[in-house]
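Structure at a glance
Below are the chains, spelled out letter by letter.
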Amino acid sequence: MNALLGRAWRPVRSLLPAPADFAAMRRNPRRDLLAGLTVAIVALPLALGFGVSSGLGAQAGLATAVVAGALAALFGGSNLQVSGPTGAMTVVLVPIVARYGAGGVLAVGFLAGLMLIGLALARAGKYMRYIPAPVVEGFTLGIAAVIGLQQVPDALGVARPEGERVLLVAWRAITDFASSPDWTALGLSLGVAAVMLVGARRRPTVPFSLLAVVGATLAVRLIGLDATPIGDLPAGLPAPSLGFLDPTALSSLLAPAVAVAALAALESLLSATVADGMTVGQKHDPDRELFGQGIANLAAPMFGGVPATAAIARTAVNVRTGARSRLAALTHAAVLAVIVFAAAPLVSQIPLAALAGVLLATAVRMVEVGSVRAMTRATRSDAVVFVLTAAATLALDLVYAVIIGLVVAGALALRAVAEQVRLDEVDVAGELPGAHSEEERALLAEHIVAYRLDGPLFFAAAHRFLLELSEVADVRVVILRMSRVTTMDATGAQVLKDAVEKLNRRGIAVLISGIRPGQHRVLDSVGALDLLRREGGEYPTTPDAIRAARGRLQSAGILPVQHSPREETAR
């Protein structure tokens, strides 16, 4: 019994924090503490803004940054990852809030946490590396556009119109603003965005987002500008509760929970990969990262927080300011917790327009012109996948966009692979065993044709292969050289069988040579091997197949029978 429990516990134990994680925190605590403080300053306006944009309020964003940020740092698979509310997740949450309310969002986050833990136990983290770069870049561009459009109502100082489609909501906000324009909110938003964008370019280490928000808040208070503030924030986190779970509604929340879990997994693993690339000697554990995000998303809803993911921008700040261990991300969460408990009244005075400016600048900074240019100039297929994914993100939702991008990328990749398969006629004269007269070589060339099949013989390439092989001229024997077939599936094997049957009906024997050991099974499964062995033959090498083909021509009287020297002496 103990042995069984030990084997069952082993996969879970490998996902839990290790002693090495805590040892790393003690090596250089000063640098980690400073990095964590810097990240917290950067994260504060983002957490507030994403909480407001999600529809659950600024307090939900702060709760997520504190709870999810701490747990993901402790249990995650990256030493440098910083987690919390993100723009990508906000994009997914807006329609969920509209359809199911705040309680539905909390339940979706909880279910997504369970799914992420299941993915971690299933060791699914390694499969995320197969997502093509055009899908990721198109996805990022689409998210940036959606985040920017979501800020239009607050940036213009108008009430947020009803609706789930960001394009429609933004257009309605613009028409409302045009009917009675109020330039205060727009000025604050554009001013904050401009300070962030210009300042980050000149002094990237300075937290211009916080400075701009503080400046906008002071301007409103001192000058008496008319701007809508965030509103009252509770001092501290609410007591943990599972009251949001309604067993009767869970089945209807499974689909949105899958979308949230997929996004959390995708964004977190991408962020961890970015963090690895920015450092030397750091390598994340993808399954532990999924586990950490799962724990974080289980806990955050209990404190009123929205679903969380790793945040690429905050992780990049963490790395650039010298973080070396998980202590930095834990410090970031602790500093935000102090702000929640000690400075809630001050934070509640921040204008919504200022937070909209922060997120507008964030959306602009998400778009890397170099990456966009690279995707559009690489290949036509990459450009199609990139544009289609970005458009689907804007018009539909993130999960559908990723699915569409993956399907299109997969189809284009299959087409490219299928085009690599070649059926080339080869000269058999050079491989004829023994000495032969010119007459015999001419007769062999007239009645035997050999083809070399190069590349993968699978469903995407099978139809073209069948057409080419079926157009073989009238000969007596066809030899198929299979030694360069890289892979074969059931469709390819079935098409090969069909081609052999068509040639046999025309009186053409098909001999096959060089079948790889791993391809016998698939050929046997569709009956192709039995057909070849019955009607033609399978041979290990091409010379063996040519020798057998010559024997057929001799039996048919087309070639003279050659006798060995001993037989000639006996005669």
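To be clear, the structure that these remarks concern was listed above.
The model shown is predicted, which means the values in this text are computed figures rather than measured ones.

Criteria and thresholds
Residues numbered from 1 in each chain as written. Predicted model: local features only at pLDDT ≥ 70, side-chain atom pairs only at ≥ 80, totals over all residues. Heavy atoms only, no water. Helix = DSSP H or I, 4+ residues; strand = E, 2+ residues; numbered from the N terminus. Buried < 20%, exposed > 50% of the residue type's maximum accessible area, 1.4 Å probe, protein only. Contact = heavy atoms within 4.5 Å. Areas by Shrake-Rupley, 256 points an atom, 1.4 Å probe, with all protein chains shown as cover. Pairing = 2+ DSSP bridges. Expected span 1.5 Å × (residues − 1). Core = buried A, V, L, I, M, F, W, Y, C linked by side-chain atoms within 4.5 Å. Polar contact = N/O pair within 3.5 Å; in protein donor to acceptor, adjacent residues only side chain to side chain.

**A word on the overall build of the chain**
Each helix and strand counted, the chain has 26 helices and eight strands in total. Buried positions account for 50% of the 571 residues belonging to the chain. In the chain, the proportion of contacts linking residues at least 24 apart, taken out of those at least 6 apart, comes to 84%. Of the roughly 26,600 Å² of accessible surface on the chain, 61% is carried by carbon and sulfur atoms.

**Focus on the pairing of strand 7 (residues 509–513)**
Of all the five residues making up strand 7, five are buried; the element is thus mostly covered by neighbouring parts of the structure. What you see with strand 7 is no split at all: Ala509, Leu511 and Ser513 on one side and Val510 and Ile512 on the other are buried throughout. Where strand 5 (residues 477–481) lies against strand 7, five bridges are found, and the strand directions are parallel. Within strand 7, the residue paired with isoleucine 479 across the bridge is leucine 511. Examined bridge by bridge, strand 7 and strand 8 (residues 537–539) share three bridges and lie parallel to one another. Of the residues in strand 8, the one forming a bridge with leucine 511 is glycine 537.

**Side note on helix 12 (residues 286–299)**
Compared with an ideal rise of 1.5 Å per residue, which puts 14 residues at 20 Å, helix 12 spans 20 Å between its outermost C-alpha atoms and is within 8% of the ideal. Most of helix 12 sits inside the fold, with 14 of its 14 residues counted as buried.

**Description of the nonpolar core**
Of all hydrophobic cores here, the largest spans 88 residues; its most connected members are Leu48, Ile230, Leu233, Val260, Leu336 and Ile350. Among the elements that make up this core, the one with the highest residue count is helix 5 (residues 87–121) (17 residues). Among residues more than four places away in sequence, those in contact with leucine 233 are Leu48, Ala58, Gln59, Leu62, Ala344, Val347 and Ser348. Judged by nonpolar contacts, the second largest core, of 30 residues, contains Val478, Met488, Ile512 and Val526.

**A few points about the environment of serine 325**
Position of serine 325 among the secondary structure elements: in the loop between helix 13 (312–320) and helix 14 (327–342). Residues serine 325 and arginine 27 lie 298 residues apart in sequence; the distance between their C-alpha atoms is 8.7 Å. If sequence neighbours within four positions are ignored, serine 325 has contacts with Ala24, Met25, Asp32, Asn79 and Leu80. For serine 325, the side chain forms a polar contact with the side chain of aspartate 32, separated by 2.6 Å.

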